[in-house]
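Read off the chains here:
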Amino acid sequence: MKNGEITITEARRILRRYWWILPLTVIGCGVLGLLVAITLPKRYTSQTLVLVDQPTVPTEYVRPVVSEELNHRLASMKEQILSRTRLQPIIEKFGLYAQDRERVHIEDLVEKLRNTVTVKPLAPMAGTQDRSLPGFYVSVTFDNALTAQQICSEITSMFMEQNTRERERQASQTTSFLSGQLDEAKMKLDEQDAKLAQFKRRYLGSLPEEGQANLSLLTGMNSQLEANTQALSRAQQEKALNESLLNQQEATWKMSQTGQNPETAEQQLIALQDQLSGLLARYTPEHPDVIKAQHQIEELKKHMSGAPKTSGQGSGSIHGSAIEPPQMQQLRAKLRQDEVSIFDLSKRQSQIQAQILQLQARIQASPVVEQQFKEITRSHQTALDFYNDLLKKHEQSAMATDLEHQQQSEQFRVLDPASLPEKPSFPKKLYFAGGGLGAGLALGLGLMYLIALNDKSMHTERDVELFLKLPVLGMVPMLELAGSGKSGTLRVGGSYQKTSERS
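The structure displayed is predicted, hence computed values, not measured ones.

Engineer: Before we move on, can you summarise the overall build of the chain with the specific residues and values?
Structural biologist: Within the chain one finds 14 helices and four strands. Pairs at least 24 apart in sequence give 77% of the contacts found in the chain among residues at least 6 apart. As displayed, the chain has an accessible area near 32700 Å², and 55% of this comes from carbon and sulfur atoms.

Here is the structure:
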């Protein structure tokens, strides 16, 4: 062989010559594997199948609180159940490893029991859209079949209890947390309600929704002010007219009582009053011409009113005892009514003007108030939305918690109880025997390869040319020995190597 390579011809030659090695190693190793399988301690595996039942109430109506995937929860539950605090009571309950308790630490025993438990998820059915975990297997391997079944049942019960307890705990904690958040959100909402109410009381009439009403009120108030001004002007004109009529009738009546002709004085008074009216129409009451005309009218009125005093004692007594005519009394009554009307109209005008100023102030302050109102309402709306959202989540969480307490949510259900194994799961004789046969075959082929590797003889022309570096002149074919009844290879000098050396 060169560089460990072997040709097919050489392999056939080695196989024809050393064929008995393969049966020997295959049968020997197979028997050895079977003996090992018989002598090794037996291990029994108990297995149970746990399915995941979906909630009885559809999730569209009651959304579950526990949203963690079952794969993660199963891994977490596995770590909790296979912990020392959960496995040590099982060791004490079933009296496991009684011979090793005195010389082995409890941690090592727990680790030994942990290695016997296997949790394997059940794969979803191919072709379905739901990729959630449909269930899982729990397997326990132990040296006693009944003990393996008991431990498997106990571990399965622990998984079911842990799932129910964990879901109820998470649901209760979620509901409790949402209750606290809801109370805090309600307090904040109450604070925003109080701020909003105080703001509305403070800026009553200047709120954004009252802007159009204020404009309408301002328009109405301006109309009322104009109408009141016109009414006041008419009342003042009426009063001036009644005063003029009263003065004329009073002067005429006084002159008639003293026996004088009042026509001249009355005509002068009328002329002066007409002149004063014309001046007032053009100038203000503070104008010099208006003041001069008013003095002249007052002097004439004093003169007309003082005429009865110069007539003597008899006429004075007659005037003092005379009764005014009914026309003069009616005019005085009208004057009193005019004064009352003017007072009322003036008062009403002041009120309307004050209201107009107030409305104008509200309208001018409306943009600032609107900005502040938006900030307050925005904060109030945010608090209200947050409270309503928490309230909805709290109600859903409360229903989900009730569902968990009633065990109508996602639950574990044992489909196949823990089996009582009849045959050991380890060692399996068929596997050990097959492994022994395979190992024997590999061993036989390895031995034959070593024989071929250590064979230094030459059997072909190629071997001679390769190792001796000499050309081959002739070859002796295979001959049958006469009289022996056997066939064989006749080699000159024992081998090609010796023949070549003699050459």
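Engineer: How would you summarise the packing of helix 2 (residues 21–39) against helix 12 (residues 429–454) if you had to cite specific residues and measurements?
Structural biologist: Relative to each other, helix 2 and helix 12 sit at 150 degrees, their axes nearing to 7 Å. Classified by the interaxial angle, the pair formed by helix 2 and helix 12 is roughly antiparallel. In this structure, helix 2 meets helix 12 at a crossing whose hand is right-handed. Among the residues making up the contact of helix 2 with helix 12, the classes are represented as 18 nonpolar, six polar and one charged.

Engineer: Quick one: what's the story with unusual backbone geometry, residue by residue and with numbers?
Structural biologist: Non-glycine residue Tyr 97 carries a positive phi angle of around 50 degrees. Looking at the secondary structure, you find Tyr 97 in the loop between helix 4 (84–94) and helix 5 (106–116).

Engineer: Describe the side chain of Thr 147, and please don't skip the residues or the numbers.
Structural biologist: Mapped onto the elements, Thr 147 comes out in helix 6 (residues 145–202). Ignoring anything within four residues of it in the chain, the contact list for Thr 147 reads Leu 96 and Phe 142.

Engineer: With reference to specific residues and values, describe the pattern of salt bridges.
Structural biologist: As enumerated under the stated definition, the model contains twelve salt bridges in all. For Arg 167, the salt bridge identified is with Glu 404, shortest N-O distance 2.9 Å. Residue Arg 167 is found in helix 6, and its partner Glu 404 is found in helix 11 (residues 326–405); the two are separated by 237 residues along the sequence. The same class applies to Arg 167 and to Glu 404, which are both buried. Linked through salt bridges whose partners overlap, the residues forming this network are Asp 100, Arg 103 and Lys 112.

Engineer: I'd like a description of the nonpolar core, backed by residues and values.
Structural biologist: Within the largest apolar cluster, 30 residues are counted, with the highest numbers of intra-cluster contacts made by Leu 113, Phe 136, Ile 155 and Phe 159. Within the residue set of this core, elements represented by two or more residues are strand 1 (44–53), helix 3 (70–81), helix 4, helix 5, strand 2 (117–122), strand 3 (135–142) and helix 6. A per-element tally of this core places helix 6 first, with six residues. With sequence-adjacent residues up to four places away left out, Phe 159 is seen in contact with Leu 74, Met 77, Lys 78, Ile 81, Val 119, Phe 136, Val 138 and Phe 412.

Engineer: Describe the pairing of strand 1, and please don't skip the residues or the numbers.
Structural biologist: Burial analysis of strand 1 places seven of its ten residues in the buried class, which makes it a mostly covered element. As defined by bridge partners, strand 1 adjoins strand 3 across eight bridges and the pair is classed as antiparallel. Considered in strand 3, the bridge of Tyr 44 is made with Phe 142. Across five bridges, the pairing between strand 1 and strand 4 (residues 411–416) is antiparallel. Among the inter-strand pairings, Val 50 is bridged to a residue of strand 4, identified as Val 414.

Engineer: Please provide a residue-by-residue account of the sheet that holds strand 2, values included.
Structural biologist: One open sheet accounts for four strands, arranged 2-3-1-4; its pairing is antiparallel. Each edge of the open sheet carries a strand with a single partner, namely strand 2 and strand 4. With direction set aside, neighbouring strand axes in the sheet form an average angle of 30 degrees. Contacts from helix 6 reach strand 1, strand 2, strand 3 and strand 4, with the element oriented near 145 degrees to strand 3.

Engineer: Go over the packing of aromatic side chains with me, naming the residues and quoting the values.
Structural biologist: Evaluated as defined, the whole model comprises four aromatic pairs. Taking the centre distance of 5.3 Å and the plane angle of 70 degrees together, the rings of Phe 136 and Phe 412 count as edge-to-face. Here the residue Phe 136 occupies a position in strand 3, and Phe 412 occupies one in strand 4, the gap between them amounting to 276 residues. As far as the burial class goes, Phe 136 and Phe 412 line up, both buried.

Engineer: Please set out helix 3 residue by residue, giving values where relevant.
Structural biologist: The first and last C-alpha atoms of helix 3 sit 16 Å apart over twelve residues, in line with the 16 Å expected at 1.5 Å per residue. The complete set of buried residues in helix 3 reads Leu 70, Arg 73, Leu 74, Met 77 and Ile 81. Down the axis, helix 3 shows its buried residues gathered within 100 degrees of arc, on one side only. Buried residues along helix 3 sit against strand 1, helix 4, strand 2, strand 3, helix 6 and strand 4.

Each value, and the rule that gives it
- Residues numbered from 1 in each chain as written.
- Predicted model: local features only at pLDDT ≥ 70, side-chain atom pairs only at ≥ 80, totals over all residues.
- Heavy atoms only, no water.
- Helix = DSSP H or I, 4+ residues; strand = E, 2+ residues; numbered from the N terminus.
- Contact = heavy atoms within 4.5 Å.
- Areas by Shrake-Rupley, 256 points an atom, 1.4 Å probe, with all protein chains shown as cover.
- Axes fitted to C-alpha atoms, helices over the stretch in contact; angles between N-to-C directions.
- Parallel < 35°, antiparallel > 145°, perpendicular 65-115°, else oblique.
- Left-handed = near helix turned anticlockwise from the far one by under 90°.
- Nonpolar A, V, L, I, M, F, W, Y, C, P; charged D, E, K, R; others polar.
- Salt bridge = Lys/Arg side-chain N within 4 Å of Asp/Glu carboxyl O.
- Buried < 20%, exposed > 50% of the residue type's maximum accessible area, 1.4 Å probe, protein only.
- Core = buried A, V, L, I, M, F, W, Y, C linked by side-chain atoms within 4.5 Å.
- Pairing = 2+ DSSP bridges.
- Phe/Tyr/Trp six-rings, centres within 6.5 Å; stacked < 30°, edge-to-face > 60°.
- Expected span 1.5 Å × (residues − 1).
- Arc of directions from axis to C-beta.

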